[in-house]
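So you can see what is in the structure, the chains are spelled out below.
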Amino acid sequence: MTDAPLPSSCPPGVRLDGIRLTLGRAILFDDLAFTAKAGRFTGLLGPSGVGKTTLLRLIAGLTPAESGAIGDETGAP
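Before going into details, it helps to say that this report is about the structure given with it.

Conventions adopted
Residues numbered from 1 in each chain as written. Predicted model: local features only at pLDDT ≥ 70, side-chain atom pairs only at ≥ 80, totals over all residues. Heavy atoms only, no water. Pairing = 2+ DSSP bridges. Helix = DSSP H or I, 4+ residues; strand = E, 2+ residues; numbered from the N terminus. Axes fitted to C-alpha atoms, helices over the stretch in contact; angles between N-to-C directions. Core = buried A, V, L, I, M, F, W, Y, C linked by side-chain atoms within 4.5 Å. Buried < 20%, exposed > 50% of the residue type's maximum accessible area, 1.4 Å probe, protein only. Contact = heavy atoms within 4.5 Å.

Notes on the sheet that holds strand β2 (residues 26–36)
And then number 1: Read across the open sheet, the 3 strands follow the order β2-β1-β3; overall the sheet is antiparallel. The open sheet terminates on both sides in strands that have one partner only, identified here as β2 and β3 (67–72). Taken pair by pair, the neighbouring strands of this sheet meet at an average axis angle of 20°, ignoring direction.
And then number 2: Pairing between strand β1 (residues 14–23) and β2: 8 bridges, direction antiparallel. Bridged to L21 within β2 is F29.

As for the nonpolar core
And then number 1: Judged by nonpolar contacts, V14, L16, I19, L21, F29, A36, L55 and L58 together constitute the single largest core of 8 residues.
And then number 2: Secondary-structure elements contributing two or more residues to this core are β1, β2 and α1 (52–60).
And then number 3: Counting residues per element, this core draws most heavily on β1, at 4 residues.
And then number 4: The residues contacting F29, other than those within four sequence positions of it, are I19, R20, L21, G51, T54, L55 and L58.

Some details on the pairing of β1
And then number 1: The turn joining β1 and β2, which pair antiparallel and follow one another in sequence, is formed by 2 residues; a positive phi near 65° is taken by G24.
And then number 2: Pairing of β1 with β3, which is carried by 5 bridges, proceeds in the antiparallel orientation. Bridge assignment links R20 to a residue of β3, and that residue is S67.

Dropping the structure here:
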């Protein structure tokens, strides 16, 4: 399978680098790195309570990370 060129209207993918998030004394994410490339389908799978919704809230900017960076797949914020 080869990657076809993306239309110019396609939004960039998302990149998380070094994300840390705690809740009280519980560490939810520690040095999380993740890239979802533009033009690809990416799924989050796992049982209830493992952090799927929390990860999406981080990406959407609804939950601030304590450290690390969230930006597009090129690394831009």
